[in-house]
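# Working through the structure, step by step
Listed here are the chains, written in short residue letters.
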Amino acid sequence: MQKLIGANEEDDEEEIEMDVKEEDNENGQKHISAQMMLGADGVMPSTSHQFQIQQQLQEQVSTPGGGARRSRPLEEKERTKLRERHRRALTARILAGLRKHGNYNLRVRADINDVIAALAREAGWVVLPDGTTFPSRSQGSRPAGDSSAGLTSSSSEMLSQQAPPTSLQGVSSGYCALVEYNACHMKGVFMPTPAPYDLSSSGHSQSSGMVGNGGEQTESLPLIAGSMEVINDKQIIGLPPKLPERDFAGTPYVPVYVMLPLGVVNMKCELVDPDGLLKQLRVLKSINVDGVMIDCWWGIVEAHAPQEYNWNGYRKLFQMVHELKLKLQVVMSFHECGGNVGDDVCIPLPHWVAEIGRSNPDIFFTDREGRRNTECLSWGIDKERVLRGRTAVEVYFDFMRSFRVEFNEFFEDGIISMVEVGLGPCGELRYPSCPVKHGWRYPGIGEFQCYDQYMLKSLRKAAEMRGHSFWARGPDNAGSYSSHPHETGFFCDEGDYDGYYGRFFLNWYSQLLINHGDLVLSLAKLAFEGSCIAAKLPGIHWWYKTSSHAAELTAGFYNPCNRDGYIAIAAMLHKHGAALNFACAELQFLEQLEDLQEALANPQGLVWQVLNAAWEACITVVSENAFVCHDRVGYNKILENVKPVNDPDGRHFSSFTYLRLTPLLMERQNFMEFERFVKRMHGEAVLYLQV
């Protein structure tokens, strides 16, 4: 026993080390713990032997009265504690430096083994969870005696040069913080992972650095695709949950755009915070984002007088994007901003339009109670000369033509890749049937918006042509904004929506919507000849499992269970060669949420129906996320919809626009996930797929 726990440190090093620690238990008493280590012969003592050692140790260091008799001199014990504290302080500083300056994802209580493993992986070596270490095949063969030397020199060189090596997090190209646009790099590489520790899966990946150091791209070191989820049987902090992921390596390249903030240009048409925006754009460029989307607000550009356009702020923005060699998607926004979900600025319709509206409020959509909605102009005045001698579609066309002339060089150079034409509230082709300011709350069915004098005039004309003039009215049993279908006589099962009058009214109501899109897109095609134009469609998925599809009906989509309301819209888009922007890319993920189940929602069914109509009409489909997304689960759902795996014809979306550029997106962890998402959209391989 004396040999095992001798008073001098030399005996401890030669034989079995006993790490004796005194810890306070819950009752404030001292608790003696002993950790058995291997002896010099590499053999662990037997279980009975360990028990005898622990028992003798307890007898030696404890007394019945609760006192303790030290086996070592008190000064030596204190020196041991000081050495341990010093060692821990050094380790803490090393870990802090590696995390801060090298972006190593080391766990909080990492030890020297973790550090050595991280440096080995950085040098391109393979370190298995049990500690087995060997060079990757991509390094070639090395002399056995030079392995450790090569590791030391390689890792030391990496630390001194701060090059972009690999990481346990599996992310290439770094991002520190929003205020730090320096040239720090995340330790990462994106590679396919067919199987853990598969030596054939090593490869190279382009890792773009921050534009703060010139925007140069540097090539990451090769790394074997392996399981880096645990080190010494301890899980690494920050690793994503083990959810099945599809490998999108080798899939078609889908461009990724990022929506800019709503208020990037102020009401004076001045670019807000150009320096900050430039830094953010550089960060996006560093991870190979293809471009950005920007709203060109009618209420800003033509704010004060008819046909007086101010494009100054947008020109500065476009020039900035052009210099960074990014692309542009532009939205002709003929609606107001403010009051809807996600609106953080207020941009009303032009002042001169508001003046006309005060004397003639029927230019706006109106509900059954006479409440006006100023989000956008009513379809009823598309051909009515009530806007200082111009019709609504003439106003839209003049605005689009002015934009085309003002930014002709950006069209010629291919910087502007797509123009999305606003066709209603939030830029979407729909009626403003669910205004929060009028009391709508999810999952309300909304209300019909057809009670301004111009739309009622159209309804009377349609009823007379049908020979039933008494049908020239809106439904009187359709409930209110927040009603549920079964609470109304019109939308309930076997309700009036499926009667003779109901079919007539819904056909007229939806056809007016399609006619509006047809007319405006025909002029957009003329203004932007040779360029891609698009129309945005919302994903109204609540009450989809009911027979009436009430929320879709009030929004203008005549899509009850016995009729496909999206085929006619797809045919109209095909007529003008317009792309469909479907803002429902990730809604299938929401299907299991409790509130969606109570609303009898079916996002998956809606996605399938709309996409099927688009594919059948042979139109281009682009998409954007309907909700803010920063997590891998949401990104995976978007990827599955953008690149459907089971499509027999290999069809996929042509581009994806992320909603939107915010400080939250630019936070380190969120941005790392977004970068991973961009790479998978581009068909590149990434590291650490959960299979």
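Residues numbered from 1 in each chain as written. Predicted model: local features only at pLDDT ≥ 70, side-chain atom pairs only at ≥ 80, totals over all residues. Heavy atoms only, no water.

## Thoughts on the overall build of the protein
Scanning the protein for helices and strands turns up 19 helices and 18 strands. Summarising the internal contacts of the protein: among those between residues at least 6 apart in sequence, 71% fall at separations of at least 24. By element, 51% of the accessible surface of the protein is carried by carbon and sulfur atoms, the whole surface being about 31300 Å². (Helix = DSSP H or I, 4+ residues; strand = E, 2+ residues; numbered from the N terminus. Contact = heavy atoms within 4.5 Å. Areas by Shrake-Rupley, 256 points an atom, 1.4 Å probe, with all protein chains shown as cover.)

## Focus on the packing of aromatic side chains
If you walk through the whole model with that rule in mind, you get 46 aromatic pairs. Residues F334 and Y396 carry aromatic rings whose centres are separated by 4.6 Å and whose planes lie at 45 degrees to one another, so their mutual orientation is tilted. Taken together, the residues F334 in the loop between β11 (327-333) and α9 (351-359) and Y396 in helix α10 (residues 392-406) connect sequence positions 62 residues apart. In this structure, F334 and Y396 share a single accessibility class: buried. (Phe/Tyr/Trp six-rings, centres within 6.5 Å; stacked < 30°, edge-to-face > 60°. Buried < 20%, exposed > 50% of the residue type's maximum accessible area, 1.4 Å probe, protein only.)

## Digging into the pattern of salt bridges
Tallied over the entire structure, the rule returns 25 salt bridges. For R315, the salt bridge goes to E409, with nearest N and O atoms at 2.9 Å. Residue R315 is located in helix α8 (residues 312-323), and its partner E409 is located in helix α11 (residues 408-412); the two are separated by 94 residues in the primary sequence. Across the pair D647 and R651 runs a salt bridge, and its minimum N-O distance is 3.2 Å. One salt-bridge network, in which partners are shared between bridges, spans E245, R632, E673, R676 and R680. (Salt bridge = Lys/Arg side-chain N within 4 Å of Asp/Glu carboxyl O.)

## Section: the pairing of strand β13 (residues 372-377)
Side-chain positions along a regular strand alternate between the two faces of the sheet. Examined bridge by bridge, strand β12 (residues 364-366) and β13 share 3 bridges and lie antiparallel to one another. Within β13, the position partnered with T366 by the bridge is R372. (Pairing = 2+ DSSP bridges.)

## What to know about helix α19 (residues 668-681)
Note that an α-helix has 3.6 residues per turn; residues three or four places apart therefore point the same way. With 14 residues, α19 should cover 20 Å at 1.5 Å per step; its first-to-last C-alpha distance of 20 Å lies within 8% of that length. By the criterion of burial, α19 is predominantly enclosed, with 12 of the 14 residues buried. The set of residues buried in α19 consists of N670, F671, M672, E673, F674, E675, R676, F677, V678, K679, R680 and M681. Backbone geometry just after α19 places G683 at a positive phi near 80 degrees. (Expected span 1.5 Å × (residues − 1).)

## Looking at the side chain of E420
Examined against the element boundaries, E420 turns out to sit in strand β14 (residues 416-421). For the buried E420, no salt bridge exists, and the shortest N-O distance to an oppositely charged side chain is 5.1 Å, to K536. In terms of polar contacts, E420 uses its side chain to reach the side chain of N581, at 2.7 Å. (Lys, Arg positive; Asp, Glu negative; His and termini not counted. Polar contact = N/O pair within 3.5 Å; in protein donor to acceptor, adjacent residues only side chain to side chain.)

## Quick look at the packing of helix α13 (residues 500-527) against helix α15 (residues 567-575)
What describes two packed helices is the angle between their axes and the distance between those same axes. The interhelical angle for the contact between α13 and α15, taken along N-to-C directions, is 15 degrees, at an axis separation of 9 Å. One way to sum up the angle between α13 and α15 is to call them roughly parallel. Like other packed secondary-structure pairs, α13 and α15 cross with a definite hand, here right-handed. Contact residues: α13 offers I514, G517, D518, L521 and K525, while α15 offers A568, I569, M572, L573 and K575. (Axes fitted to C-alpha atoms, helices over the stretch in contact; angles between N-to-C directions. Parallel < 35°, antiparallel > 145°, perpendicular 65-115°, else oblique. Left-handed = near helix turned anticlockwise from the far one by under 90°.)

## What to know about the UniProt feature "active site" (unreviewed entry) in the protein
The positions UniProt marks with the feature "active site" (unreviewed entry) are E428 and E624. In three dimensions, the annotated residues from a span of 197 residues occupy one location, with a maximal C-alpha spread of 12.4 Å. Relative to the assigned elements, E428 resides in the loop between β14 and α12 (453-466). In contact with E428, not counting residues within four places along its chain, are L423, K536 and P538. Residue classification places E624 among the buried positions, given a relative accessible area of 3%. A polar contact of 2.7 Å, which involves the side chain of E624, links it to the side chain of K536. (UniProt positions renumbered as here; feature names shortened; annotations may be inferred.)

## Remarks on the environment of F397
When you line up the elements, F397 lands in helix α10. With 127 residues separating them along the chain, F397 and A524 place their C-alpha atoms 6.8 Å apart. Beyond its immediate sequence surroundings of up to four residues, F397 is in contact with L523, L526 and A527.

## A short note on unusual backbone geometry
Omega for the peptide link from Y442 to P443 comes to 5 degrees, which places this bond in the cis form. Looking at where P443 falls in the secondary structure, it is placed in the loop between β14 and α12. Going from L659 to R660, the amide bond is cis rather than trans, its omega being -20 degrees. With respect to the secondary-structure elements, R660 resides in the loop between β18 (656-658) and α19. One non-glycine residue, D273, adopts positive backbone phi at about 50 degrees. Given a relative accessible area of 48%, D273 falls into the partly exposed group.

## Looking at the pairing of strand β10 (residues 291-297)
For β10, the buried fraction is high: 7 of the 7 residues fall into the buried class. Every second residue of β10 is oriented toward a common face, with G291, M293, D295 and W297 on one face and V292, I294 and C296 on the other, all of them buried. In the sheet, strand β9 (residues 256-259) pairs with β10 via 3 bridges, with the strands oriented parallel. Its bridge partner being in β10, M259 is matched across the sheet by M293. The β-α-β motif built from β9, the intervening helix α6 (residues 274-286) and the parallel element β10 has right-handed crossover chirality. Of the pairings in the sheet, the one linking β10 to β11 comprises 7 bridges and is parallel in character. Note on β11: the bridge partner recorded for D295 is V331. (Right-handed = clockwise from strand over helix to strand, strands pointing away.)

## A short note on α12
End to end, α12 covers 20 Å across 14 residues, agreeing with the expected 20 Å (1.5 Å per residue, within 8%). Among the residues of α12, those classed as buried are Y454, M455, L459 and A463. Considering only its buried residues, α12 is in contact with β12 and α13. A distance of 3.0 Å separates the backbone nitrogen of Y454 from a side-chain oxygen at the start of α12, and that oxygen is part of D452.

## Focus on the nonpolar core
If you look at the biggest cluster of nonpolar residues, it comprises 147 residues, and the most contacted ones within it are Y314, F318, L377, F403 and F674. Take this core: its biggest share by element is 13 residues, from α13. For F318, the residues in contact, after removing those within four places along its chain, are I294, C296, L328, V330, F403, F407 and F410. Counting residues in hydrophobic clusters, the runner-up holds 8 residues, among them M259, V331, M418 and A534. (Core = buried A, V, L, I, M, F, W, Y, C linked by side-chain atoms within 4.5 Å.)

## So, the packing of α6 against α8
In the contact formed by α6 and α8, the axes pass within 11 Å of each other and the chain directions differ by 30 degrees. Taken together, the axis directions place α6 and α8 in an arrangement best described as roughly parallel. Considering the relative orientation of α6 and α8, their crossing is right-handed. Between α6 and α8, the residues in contact are P274, L277, L278 and L281 and L317, M320 and V321, respectively. By residue class, the composition of the contact of α6 with α8 is 7 nonpolar, no polar and no charged. (Nonpolar A, V, L, I, M, F, W, Y, C, P; charged D, E, K, R; others polar.)

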